Amino acid sequence: MATISLCMIVKNEEKVLSRCLESIKSAVDEIIIVDTGSNDKTKEIALEYTDKVYDFEWIDDFSAARNFAFSKGKMDFLMWLDADDVVTPESLAKLIELKERLDGTDVVMLKYNTAFDENGNPTFSYFRERIVRRSVPHQWEGRVHEAISCKGVVLYSDVAINHQSIKTKYSTRNLEIFEKQASNGEKMSPRDLFYYGRELFYHKKYEKAVKILSSFLDDKNGWIENKIEACKVLSLVNIEIGNCDKAFENLFNSFKYDAPRAEICCAIGDLFMKQSDYRKAIYWFELALTLPKDESRGGFTDLDAYGYLPCIQLCVCFDKLKNYAKAKEYNDRAGSFRPRSESYLHNLKYFDDLHTKGIL
């Protein structure tokens, strides 16, 4: 059986660190905790799980901290988690079983679930390089949104890590690091440009976001999945500044990189709904329902876009066109995906009222 070193970087994570380590401890053979400057009880909590707790001076570089953490691991494989990640009992059992069959594998990609519905089911996920063979040199790259360039044999696994942040405010930290990187004249990789542009959007710096994301799209070396996502982010920027025509153009530009994705079709449908053009919106939402979900590409996947979201929006569209029977049909389909959804339950009552009034 392969052995795994869990290598984490933390700072002021006293509220979540124990939750994370409790969820994973039985699947790993060594725990490495690298603290980058906590002033709470993070280190004390870490010491309850391991004596391998190290200090690392924070230098605005996540890769530097992660590479230091990886340098301390001694097992066959190195694994990373963030303090607000959780491994469910089901995934824990799968991970333990996975250790039995890692011969010949150099990198393990695990699903990363980052958003959840009212039932706790994931609604947004993507694959991350999560476990790497220690004997094969793997380096983290990038000051922010760091990543590993995978080398050797890559295995995709259905083991999932759940990101369950308790933070209520989006930090400016990442944007500040990017801004510092730019002001210092440091060369940015295509990946840096993508995430820099996205951070600018999150912080409502729309003009600069357009400039940076457009620069990313002009770079021939950018990853296709990030290019498609950049088109989507640019459309959101243009919606915010009131330029819906440009937002449509952004979304249609994504088709240059790959066949239509359900996420893009739903975004186009939403734009037509904003313009009260429900017949065109219906076309795009119905198209979304026909498209296959392919998470093997590794890009961001909005799971709701392949079922619940187009159904609930089609319900609204057909209701606006006074086709109540069709609207109810799509609401019922939406409920088959998320039976406790607030929108679905609200619509149920609405259609019951229509039935009582003899309209439906």
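Summarised in this report is the structure supplied together with it. (Residues numbered from 1 in each chain as written. Predicted model: local features only at pLDDT ≥ 70, side-chain atom pairs only at ≥ 80, totals over all residues. Heavy atoms only, no water.)

### Remarks on the packing of aromatic side chains
Here comes step 1: All told, the structure shown has 23 aromatic pairs when counted by the stated rule.
Here comes step 2: Seen in terms of ring centroids, phenylalanine 70 and tryptophan 140 are 5.8 Å apart; in terms of plane orientation they differ by 65°. Their pairing is edge-to-face. Remark: tryptophan 140 occurs in strand E8 (residues 140–141) and phenylalanine 70 occurs in helix H3 (residues 62–72); sequence separation between them is 70 residues.
Here comes step 3: Owing to a relative accessible area of 7%, phenylalanine 70 belongs among the buried residues under this scheme. (Phe/Tyr/Trp six-rings, centres within 6.5 Å; stacked < 30°, edge-to-face > 60°. Helix = DSSP H or I, 4+ residues; strand = E, 2+ residues; numbered from the N terminus. Buried < 20%, exposed > 50% of the residue type's maximum accessible area, 1.4 Å probe, protein only.)

### A word on empty space enclosed by the protein
Here comes step 1: Summed over the entire model, instances satisfying the criterion amount to 1 cavity of 30 Å³ or more.
Here comes step 2: When its volume is computed, the largest cavity comes out at roughly 170 Å³.
Here comes step 3: The set of elements that each furnish at least two residues to the lining of the largest cavity consists of helix H8 (224–240), helix H10 (262–274) and strand E11 (301–302).
Here comes step 4: It is H8 that provides the largest number of residues to the lining of the largest cavity, a total of 4 residues.
Here comes step 5: Residue composition of the lining of the largest cavity, by class: 5 nonpolar, 3 polar and 9 charged. (1 Å grid on protein atoms, 1.4 Å probe; cavity = no way out; pocket = protein on both sides within 12 Å on 5 of 7 lines; lining within 4 Å. Points joined across faces, edges and corners; volume = space filled by probe spheres on them. Nonpolar A, V, L, I, M, F, W, Y, C, P; charged D, E, K, R; others polar.)

### Quick word on the nonpolar core
Here comes step 1: In terms of nonpolar packing, the biggest core is built from 74 residues, with Met8, Ile24 and Met79 touching the most fellow members.
Here comes step 2: Beyond its immediate stretch of four places on either side in the chain, methionine 8 contacts Leu17, Cys20, Leu21, Ile32, Ile33, Val34, Ala69, Leu81, Asp82 and Ala83.
Here comes step 3: Of all hydrophobic cores here, the second largest spans 36 residues; its members include Ala288, Tyr308, Phe318 and Ala327. (Core = buried A, V, L, I, M, F, W, Y, C linked by side-chain atoms within 4.5 Å. Contact = heavy atoms within 4.5 Å.)

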